[in-house]
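# Fold and geometry: a report
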Protein chains: 2
Amino acid sequence: MMIKYSNGKEYKPTIEKKKTMKIKSRSSANRGMNLEDDINKSNKYYLEKNICLIYKRPTPINIVKVDYSRGSKITDAYFEKQSTTDYNGVYKGRYIDFEAKNTKNNSSFPLHNIYKHQIEHLRNVILHQGIAFFIIEFELKDEVYLLDAKFIIDFIEKNERKSIPYSEIKENGILIERGYNPRLDYISAIDKFYFNC
Amino acid sequence: MMIKYSNGKEYKPTIEKKKTMKIKSRSSANRGMNLEDDINKSNKYYLEKNICLIYKRPTPINIVKVDYSRGSKITDAYFEKQSTTDYNGVYKGRYIDFEAKNTKNNSSFPLHNIYKHQIEHLRNVILHQGIAFFIIEFELKDEVYLLDAKFIIDFIEKNERKSIPYSEIKENGILIERGYNPRLDYISAIDKFYFNC
């Protein structure tokens, strides 16, 4: 249900909208959010099953103004770009750090939405012997890969290309299995790639 | 300089206040903030010297309202209690997770400002073989200790006491050396306690 007013603005009833979002949850429009949601739900499952402890880092917020007279209410603040990555935690004593990205592109993964700070951060994670990777979703193929961060860093250093071909990701990454619970079994992919099991 | 008006309110000129804060930076009033500052500066040093990669987690913020018409300006939000700990990161491949606390108490460390969620979180870190500890500052003694999280968890489980005696912390913790750079060499304390070196 959508009503267009003469001022051009759309009226979307809240309840209707929520319903629509639920039904449309696997549509391509929402897949970017679904990737995050799938990872968060997988993390919850992993935590409950004592498999690992992985958290989403909160989006950093630049706080401009706080009203202390109203119970420390923040009245002026802005979202900042993540200078590290989306997720980190611990699995079998090892430090885990990764970024999740999705693309609507079918033939390659564009590198423009990986920030320099994130590459620098992942370089440091590798230096300190942490496990660093990307989770990359090809939305239209409905395929999700774990790709070692070193592969991406090397690719950026050695290539002029602004994107990594799908074929290279398929060859060098680990396909992450989808399921009911966990939604995205990326720990099995970690086992395969980093623990050889 | 401080002027008292007839309404009882104090007038503190901003510049004067800043100066005072700088001069008073080691006073007991500011030591809680100094502990955080010392750890953050030590982390910066460790990062630059390629020793380890430890970050302060941002304080979680509950966002109530965002004004998208003004460049995603957050207009209503509140600080939330940290459900995990203040710091995490990686050292020699191992996952590191800790909470920093200071006390003005001279004879014991009060447990009331450690939240249940944090204990639960640290329990999970230990379960997954991460390195979990507290950095505890006795302000009046000007002593800072690294204390294994398991010691605190066991203490809470086995005791009715609401505080850990100073003597037990001195006996079971590792005294962290203060210096110019790093300000608080807690990595050396980790080496002693967890890596036996």
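In short, a report on the structure. (Residues numbered from 1 in each chain as written. Chains lettered and ligands numbered in written order. Predicted model: local features only at pLDDT ≥ 70, side-chain atom pairs only at ≥ 80, totals over all residues. Heavy atoms only, no water.)

What follows concerns the interface of chain B and chain A. Contacts between the two partners involve 35 residues from chain B, matched on the other side by 35 residues from chain A. Carbon and sulfur atoms make up 66% of the area that chain B and chain A hide from each other, which totals about 2900 Å². Across the contact surface, chain B and chain A share 2 salt bridges. Across the pair Asp 76 of chain B and Lys 73 of chain A runs a salt bridge, and its minimum N-O distance is 3.8 Å. Contributions of two or more residues to the side of chain B that touches chain A are made by strand S3 (53-56), strand S4 (61-67), strand S5 (73-79), strand S6 (87-91), strand S7 (94-103) and helix H3 (116-127) of chain B. In terms of residue class, the side of chain B that touches chain A is built from 17 nonpolar, 13 polar and 5 charged. Pairing of strand S5 (residues 73-79) of chain A with S5 of chain B, which is carried by 4 bridges, proceeds in the antiparallel orientation. Residue pairing in the sheet places Tyr 78 of chain A in a bridge with Lys 73 of chain B of S5 of chain B. (Contact = heavy atoms within 4.5 Å. Buried area = accessible area lost by both parts, 1.4 Å probe. Salt bridge = Lys/Arg side-chain N within 4 Å of Asp/Glu carboxyl O. Helix = DSSP H or I, 4+ residues; strand = E, 2+ residues; numbered from the N terminus. Nonpolar A, V, L, I, M, F, W, Y, C, P; charged D, E, K, R; others polar. Pairing = 2+ DSSP bridges.)

Moving on to the pattern of salt bridges. Residues and elements named next belong to chain A. Applying the stated criterion to the full structure yields 30 salt bridges over all chains. The salt bridge involving Glu 120 is made with Arg 123; its shortest N-O contact spans 3.7 Å. Of this pair, Glu 120 and Arg 123 are both found in helix H3 (residues 116-127), 3 residues apart, which corresponds to roughly one turn of the helix. Residue Glu 120 is classed as partly exposed on the basis of its relative accessible area, which comes to 41%. Look at Arg 123 and you get partly exposed, because its relative accessible area is 35%. (Buried < 20%, exposed > 50% of the residue type's maximum accessible area, 1.4 Å probe, protein only.)

Our next topic: unusual backbone geometry. All names here are of chain A. Following Asn 181, the chain continues to Pro 182 via a peptide bond in cis, the omega torsion being 0 degrees. Within the secondary structure, Pro 182 is located in the loop between strand S12 (174-175) and helix H6 (186-194). One non-glycine residue with positive phi stands out, namely Gln 129, at about 65 degrees. Looking at the element boundaries, Gln 129 is found in the loop between H3 and strand S9 (131-138).

The next subject is the sheet that holds strand S4 (residues 61-67) of chain A. Pairing is antiparallel across the open sheet formed by 4 strands, whose spatial order is S4(A)-S5(A)-S5(B)-S4(B). In this open sheet, the two strands that pair with only one neighbour each are S4 of chain A together with S4 of chain B. Sheet twist, expressed as the mean angle between neighbouring strand axes with direction ignored, is 30 degrees. Of the pairings in the sheet, the one linking S4 of chain A to S5 of chain A comprises 6 bridges and is antiparallel in character. Bridging from a neighbouring strand, Ile 63 of chain A pairs with Ala 77 of chain A of S5 of chain A. (Axes fitted to C-alpha atoms, helices over the stretch in contact; angles between N-to-C directions.)

Residue and element names in this part refer to chain B. With 6 of 6 residues buried, strand S10 (residues 143-148) lies mostly within the body of the structure. Alternating positions in S10 separate into two faces, Glu 143, Tyr 145 and Leu 147 on one and Val 144, Leu 146 and Asp 148 on the other, with burial throughout. Two strands pair when backbone bridges link them, and strand S9 (residues 131-138) and S10 are joined in this way by 6 bridges, in the antiparallel orientation. Across the sheet, Glu 137 pairs through a bridge with Val 144, a residue of S10. From the end of S9 to the start of S10, which pair antiparallel, there are 4 residues, and Asp 142 there has a positive phi angle of about 55 degrees. As paired elements, S10 and strand S12 (residues 174-175) share 2 bridges and run antiparallel to each other. What sits directly across from Tyr 145, in S12, is Leu 175.

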